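Overview (structure and organization)
These are the residues of each chain, in order.
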Amino acid sequence: MDLSYTPEEEAFRAEVRAFLSEKLPRHLSEKVRLGKRLTKSDMESWHAVLNAQGWLAPNWPKEYGGAEWDAVQRMIFEEEACLAHAPRIVPFGLSMLAPVLMAFGSEEQRQHYLPRILSGEDWWCQGYSEPGAGSDLAALKTKAVRDGDHYVVNGQKTWTTLGQHANWIFCLVRTDADAKKQEGISFLLIDMNTPGVTVRPIVLIDGEAEVNEVFFDDVRVPASNLVGEENKGWTYAKYLLTHERTNIAGVGFSNAALATLKHVAANTRSGGKPLDQNPYFAARMAQAEIDLMAMATTNLRVVSAAAKGQAPGPESSMLKIKGTVIRQELSSLLRRAAGPDAMPFLPDYLDGGDNVPAEGPEHAPAAAPNYFNMRKLSIFGGSNEIQRTIITKAILQL
Amino acid sequence: MDFNLTEERGLLRDMLQKFLGEKYGHEERRKLIASGKAYNAGIYAEMAELGVLGALFSEEDGGLGGAGFDIAVVFEELGRAGVIEPILGNAVLAGSLIAELGTDSQKELIGSVIAGEFLLAFAHAEPASRYDLNHVTASAKTDGGQIMLNGTKAHVLNGAQAGMLVVSAREAGADWDETGISLFLVPADADGMTIVDHPNVDGTSAAAIRLENVVVDEGARLGASGEAFGAIEAAVARATLAVSAEALGAMEAAKALTIDYLKERKQFGIAIGKFQALQHRMADVLIEVEQARSAVINLAGHLDALRDLRERHVSATKNLIGRASALVGEEAVQMHGGIGMTDEYALSHFVRRMVMIDHLFGDVDHHLERFISLNAA
Ligand SMILES: Cc1cc2nc3c(=O)[nH]c(=O)nc-3n(C[C@H](O)[C@H](O)[C@H](O)COP(=O)(O)OP(=O)(O)OC[C@H]3O[C@@H](n4cnc5c(N)ncnc54)[C@H](O)[C@@H]3O)c2cc1C
Ligand SMILES: Cc1cc2nc3c(=O)[nH]c(=O)nc-3n(C[C@H](O)[C@H](O)[C@H](O)COP(=O)(O)OP(=O)(O)OC[C@H]3O[C@@H](n4cnc5c(N)ncnc54)[C@H](O)[C@@H]3O)c2cc1C
C-alpha cells in the first residue's frame, strides 16, 4: 500500500497547474466557476487551447496526435482542470467515437476523421437513444436500408446532447430487422447537413436546451460511412460505452463543487453566523466530504488496476452510482446554501459573460438550475438502476 | 377525531379541482409562463368569483373561512394544478396582517382582495435576512406626523403586480431585535419606490424593492409602533401552512403522473412498473406523500394554538415537507428517465415548485434547528 503519487506524477501535476494558470482564459473560468452557460465558441476556444498544447486527446496514442497519458495522469489532469474551473472537454468525438474508429474503423476513416476532431472542424454528437429505446438500447428502430452505394436512413434519435452544435452524428441503426435485436445493428456516421436531417432542441428542467431530437427522413448516407462490419454495431457500441464510463466517478467535478460549496457556506450568513457554523448544514457538508474522500480512493483503486493493463470492468458501475450520488448531493447542498436567493430565474445572468454581474450573491442564480440539471447524472450513461443490475449480475452473481 | 372535511370544504375542493382541471392544463400554464406575464388576470378573476380568496378570510373579515383547514384545502388544489396566480403573498401574507392588525378603514382593502379587484404584497425579507423574520434593517423615521421609509426588500412575492404593499421597517432596536419592527401600508406608486420584477425558477414571480425616502402619513401605520413581530410570525405560520399544502398537492400530482408512467412505459418488453427496483421506490414515495399529508393536517389543526405550540408545528411540518418534496421530486424524475427532465412534460414543473418551496419561509435545516430550540424552550 502506498497512497502517494510518484515524483513523476507530482511533476506532471505541477506542469498541468502551470499550464492552466497561464493558458486558461479568465472569461471562461469565471463562467464555469459561477455555473454560467457556455456557448459553442466558449467550448471550441478551450478545445483549441488544449489542442495547441497537444493535450486535447489525453487518451489517444501519440501517432494520432494524442497525449497518450496513462489513467493516473488523466485523472490528475481532470482534477486540476476542474479545480481551475476549466470548461469540460466535449467527449463525443474525442473519447467516444475516436476509440471506436481506432479499434474498428478503416484506415481511411481514421485518417479523415481523427484530425478533424482535434482541429474542431467536426463537432460530433451521440445518436444512440430513441424514444422507445432508452435503458433497452438494443430495441432501437432507426432503420438503414442499403440502396446501391448508400444507406437510406429513416427514424428518430433523442436526448442528443449538444446536437444543436454538431455537424456529425454517430448513430446506431437497424440494418437487419429479422435478426435477434442485438445482431441487426450497425454503427453509421452521418453528416448532419445531409438533406432529411432535422434537429429540434429540447428545453430541460433547468431552462436550457442541452439536448435535442434528431429526425431522419430518407437521409442518404454513403455506404463508406459504415464503421466496421454491417450488423456488428452492438459490439462497437458496447466498446464505446466502456470508454464513456472512464472518469465516470467525476471526482474532479465533485472536488470543485465541494470547494465552491465551502466557500459559499463560509460567506453566507444564516441566523447571524456563517452557514458553515450551522451544525446541521456543516454536518451534511462534512458527510458529503467524507464520502467523497473514500470514493476518490475507490476511484484510484479501480483506475490504477486499469493502469496496469486491467480494464475497469463492472467496478465502474460502482463508481458511477457513488460518484453521481455525491455530485447530486453537493448540488443539493449548494442550492440550500443559496437560501432565498436560489429562487430567481435569471437567464440573462446565466447567458451573460463574466462581465454581467449578479444582483445578489454570485453563486446563487445557477444553484437551483444546476441542482435540477444534475438529476441527469443518475439517468444517462446507463441509469443507476441499470448499473445496480450490472453489479448484481456481474459481481454478486445473483 | 374526525379526519373528514366539512361539507363546505369538500364542496370547495371539488369545485376548485374541477375548475382548475378544465382551465389550468399544463399547456395553458406553459403558455402563460412563456408569455412573461406573472399571472392570468382572467383566470384570477374567475377564481375570485368561485370564492377561492374568500375562503382564506374569516367571516368577520368578509370571507367564508380563514381557518387552517380552509387554507390547506385551497392550496393543495393550487399545488396540484401548479397555479402561479398571486394568492400567497397577496391574500395569505399581506391579507392576514391587515386582518389581524388593520383598522376598520384599512380592512376595506380585504374586501377588494376577496373580490379579486386589488392585489397586495408583503415586503418584509431583505437581501441579508435569509429565513430570519426578525432581521429588519429598513428604517422608519417619524417627523411631524410624517413617516419616512428607507431600505431594500427582496423576494417580495408578486411585489410588482400589487397596488399596495405591507412594508416592514424598524423604528427601534438593533437589526436582529424582535421588538421595534413596525408595518406600513405603502402604495406601489409612492414616490421613492423602485420595484423590479423577476420570474422565479418555479414559474412564480417576485420583486426586489428599494424604498428611498418614501413618505407616508400616520394613517399608513398597520398596528402599534414597534410591535409587529408577533403578527408577522403568525402570518408566516399561515403562509407556511399554505406552501406546505401546495407542496403536498404538487407531490400528489407528481405521484399520479409517475404511477401512470410506470404502467405505460415499456422497456425490455415489459412495463417498467413491473421492475421491483422501481415498485419499492414507488411504495416509499406513497409513504412519504402520506406523511406529508399528515404533517399538513398537524399544522392546519394547530394554526390557532398558542404561539409556542403553533410554531413547533410550523417547524416540524416545514422540515418534513422539505424532505418529502426532495425525495418525491427526485424519485419521480428518476423513475421517468429522460422524459422527466423536460420542460415540455408537466412533471418537471411540479418538481420545480415542490423543491423551491424549500426556499420559502425556511428550509429543512433552518426548521430542524428551530424545532430543536423550540423543544428545548
Ligand atoms: C440530459 C441527458 C443527456 C443525454 N444525452 C444523450 C446523448 O447524447 N446521446 C444518447 O444517445 N442518449 C443520451 N441520453 C439518453 C440516456 O442515455 C437515456 O435517458 C437513458 O438511457 C435512460 O433511458 P430513458 O430516458 O428512455 O429511460 P427508461 O429507460 O425509460 O427508464 C425509465 C426508468 O426505468 C428504469 N428502468 C429501466 N429499465 C429498468 C430495469 N430493467 N430495472 C430497473 N429499472 C429500470 C430506469 O432506470 C429509469 O429510472 C441523455 C439523457 C439525458 C437525460
Ligand atoms: C421477531 C419476529 C417475530 C415474528 N412474529 C411472527 C408472528 O407472530 N407470526 C408469524 O406468522 N410470523 C412471524 N414472524 C415471521 C415473519 O413473518 C417472517 O420472518 C417473514 O415473513 C419473513 O420470512 P423469512 O424469515 O422466511 O424470510 P424470507 O421470506 O426468506 O426473506 C428473506 C429476505 O428476502 C426478502 N424477500 C423475500 N421475498 C421477497 C420478494 N418477493 N421480493 C423482495 N424481497 C423479498 C425479505 O424481505 C428478507 O429480507 C416473525 C419474525 C420475526 C423475526
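Residues numbered from 1 in each chain as written. Chains lettered and ligands numbered in written order. Predicted model: local features only at pLDDT ≥ 70, side-chain atom pairs only at ≥ 80, totals over all residues. Heavy atoms only, no water.

As a further point, take the overall build of chain A. In terms of regular secondary structure, chain A is built from 13 helices and 10 strands. Against the 2.2 N^0.38 benchmark of 21 Å for 398 residues, chain A shows a C-alpha radius of gyration of 22 Å, consistent with a compact globule. Residue burial in chain A is summarised as follows: out of 398 residues, 51% are buried. Within chain A, residue pairs in contact and separated by at least 24 positions form 72% of the contacts whose partners lie at least 6 positions apart. (Helix = DSSP H or I, 4+ residues; strand = E, 2+ residues; numbered from the N terminus. Rg over C-alpha atoms; globule rule 2.2 N^0.38 Å. Buried < 20%, exposed > 50% of the residue type's maximum accessible area, 1.4 Å probe, protein only. Contact = heavy atoms within 4.5 Å.)

Before going further, it helps to examine the overall build of chain B. Scanning chain B for helices and strands turns up 11 helices and 10 strands. Compactness check: chain B gives a C-alpha radius of gyration of 21 Å against a globular reference of 21 Å for 377 residues, within 12% of the reference. Taken over 377 residues, chain B has a buried fraction of 58%. Once local pairs closer than 6 in sequence are excluded, the contacts in chain B between residues at least 24 apart make up 74%. Carbon and sulfur atoms make up 53% of the accessible area of chain B, which amounts to about 15,000 Å² in all. Of the side chains in chain B, 32 bear a positive and 54 a negative charge, and the two mean positions are spaced by 7 Å. (Areas by Shrake-Rupley, 256 points an atom, 1.4 Å probe, with all protein chains shown as cover. Lys, Arg positive; Asp, Glu negative; His and termini not counted. Charge placed at Lys NZ, Arg CZ, Asp CG, Glu CD.)

Now for the site of ligand 1. Residues in close proximity to ligand 1 total 28 residues, the closest being S135(A), T161(A), S383(A), E385(A) and Q334(B). With respect to ligand 1, its neighbouring residues span chains A and B. Separating an oxygen atom of ligand 1 from a side-chain N or O atom of S383(A) is a distance of 2.6 Å. Counting residues per element, the ones that place at least two in the shell around ligand 1 are α13 (384-395) of chain A together with α9 (307-336) of chain B. (Near = heavy atom within 4 Å. Polar contact = N/O pair within 3.5 Å; in protein donor to acceptor, adjacent residues only side chain to side chain.)

The description of two helices packed together rests on the angle between their axes and the distance between the axes. Residues and elements named next belong to chain A. Between helix α1 (residues 7-23) and helix α3 (residues 40-53), the least distance of the axes is 12 Å, while the angle of their chain directions is 135°. By the angle between their directions, the pair α1 and α3 is classed as oblique. In the crossing of α1 with α3, the sense of the turn from one axis to the other is right-handed. Contacts between α1 and α3 involve F19, L20 and K23 from the former and W46, V49, L50 and Q53 from the latter. Tallied by class, the residues present in the contact of α1 with α3 amount to five nonpolar, one polar and one charged. (Axes fitted to C-alpha atoms, helices over the stretch in contact; angles between N-to-C directions. Parallel < 35°, antiparallel > 145°, perpendicular 65-115°, else oblique. Left-handed = near helix turned anticlockwise from the far one by under 90°. Nonpolar A, V, L, I, M, F, W, Y, C, P; charged D, E, K, R; others polar.)

So, about the state of the cysteines. A covalent bond between the sulfur atoms of two cysteines is what we call a disulfide. Applying the stated rule across the entire model yields zero disulfides over all chains. Note on C171(A): no disulfide assigned, nearest cysteine sulfur contributed by C125(A) at a separation of 7.4 Å. (Disulfide = S-S within 2.5 Å.)

All names here are of chain A. Along its sequence, chain A is organised into domain 1 (7-89), domain 2 (123-231) and domain 3 (245-396). The centre of domain 1, based on its C-alpha atoms, is set 30 Å off from the matching centre of domain 2. Counting residues at the interface gives five residues for domain 1 and seven residues for domain 2. At the boundary of domain 1 with domain 2, total buried surface from both sides reaches about 520 Å², with 59% on carbon and sulfur atoms. Its largest share of buried area at the contact with domain 2, domain 1 owes to R37, K40 and M43, together 79% of the area lost on that side. Here E208 and R37 are joined by a salt bridge, their closest N and O atoms 3.6 Å apart. Across the domain 1-domain 2 interface, the total number found is one residue pair in polar contact (both at pLDDT 80 or more). Its residues assigned to classes, the side of domain 1 that touches domain 2 comprises one nonpolar, no polar and four charged. (Domains from an automatic or database assignment. Buried area = accessible area lost by both parts, 1.4 Å probe. Salt bridge = Lys/Arg side-chain N within 4 Å of Asp/Glu carboxyl O.)

Turning our attention to the packing of aromatic side chains. Residues and elements named next belong to chain A. This model, assessed by the stated rule, comprises 18 aromatic pairs over all chains. Between the aromatic rings of W69 and F77, the centroid separation amounts to 5.2 Å while the plane-to-plane angle is 45°, which identifies the pairing as tilted. By relative accessible area, W69 is classed as buried at 9%. Every member of this aromatic cluster is reached through a ring pair, and the members are F12, F19, W46, W55, W69 and F77. Between R13 and the ring centre of Y5, over which it is positioned, the NZ or CZ distance is 5.0 Å. (Phe/Tyr/Trp six-rings, centres within 6.5 Å; stacked < 30°, edge-to-face > 60°. Lys NZ or Arg CZ within 6 Å of the ring centre and 35° of its normal.)

Turning to unusual backbone geometry, a few remarks are in order. Located in the positive-phi region is D218(A), a residue other than glycine, with phi close to 50°. Tracing the backbone through its elements, the reader meets D218(A) in strand β7 (residues 211-222). Even without being a glycine, N158(B) presents a positive backbone phi close to 50°. Along the chain, N158(B) falls in the loop between β3 (146-157) and β4 (164-170).

Interface size is often expressed as the accessible area that is lost when the parts come together. Facing 50 residues of chain A, the contacting portion of chain B comprises 40 residues. Both sides together, the interface formed by chain A and chain B hides about 3,900 Å², and carbon and sulfur atoms give 59% of it. Of all residues in chain A, the largest losses of buried area upon contact with chain B belong to I205(A), Y280(A) and M343(A), amounting jointly to 20% of the total for that side. Here chain A and chain B share eight salt bridges between them. R336(A) is the salt-bridge partner of D358(B), the closest N and O atoms lying 2.8 Å from each other. Of all elements in the fold, only β6 (197-202), β9 (269-270), α9 (279-307), α10 (315-338), α12 (364-373) and α13 of chain A reach the threshold of two or more residues within the side of chain A that touches chain B. The leading source of residues in the side of chain A that touches chain B is α12(A), at five residues. For the side of chain A that touches chain B, the per-class residue count stands at 25 nonpolar, 13 polar and 12 charged.

The nonpolar side chains of soluble globular proteins are, as a tendency, buried together. Residues F75(B), I87(B), L88(B) and L149(B) are the most contacted members of the largest nonpolar core, which totals 136 residues. Ranked by the residues each element gives to this core, the list is headed by helix α7 (residues 229-264) of chain B, at 19 residues. Excluding residues within four positions of it along the chain, F75(B) makes contact with L56(B), I87(B), L88(B), V92(B), A242(B), A245(B) and E246(B). By size, the runner-up hydrophobic cluster in this structure holds 73 residues, among which are L118(A), W168(A), I190(A) and L240(A). (Core = buried A, V, L, I, M, F, W, Y, C linked by side-chain atoms within 4.5 Å.)

All names here are of chain A. Tracing the backbone shows T160 in the loop between β3 (150-157) and β4 (168-174). T160 gets classed as buried once you look at its relative accessible area, which sits at 0%. Sequence-distant contacts of T160, defined by excluding residues within four places in its chain, comprise C125, Q126, I169, E210, V211, N212 and V214.

This brings us to the environment of G223(B). All names here are of chain B. Relative to the elements of secondary structure, G223 occurs in the loop between β8 (221-222) and α7. On the basis of relative accessibility, which here comes to 23%, the residue G223 falls in the partly exposed class. Through-space distance from the C-alpha of G223 to that of G65 is 23 Å; in sequence the pair is 158 residues apart.

If you check α7(B), its first and last C-alpha atoms are 52 Å apart, about what 36 residues at 1.5 Å a residue would give, namely 52 Å. With 28 of 36 residues buried, α7(B) is to be regarded as a mostly interior element. (Expected span 1.5 Å × (residues − 1).)

Counted by the stated rule, this structure contains 53 salt bridges over all chains. One salt bridge connects E362(A) with R33(A), and the closest N-O pair in it is separated by 2.9 Å. Note that E362(A) is positioned in the loop between α11 (347-351) and α12 and R33(A) in helix α2 (residues 26-33), a separation of 329 residues in sequence. Overall, the relative accessible area of 32% leaves E362(A) in the partly exposed class. Residues E212(B) and R210(B) are paired through a salt bridge, measuring 3.3 Å at the closest nitrogen-oxygen approach. A relative accessible area of 42% places E212(B) in the partly exposed class.

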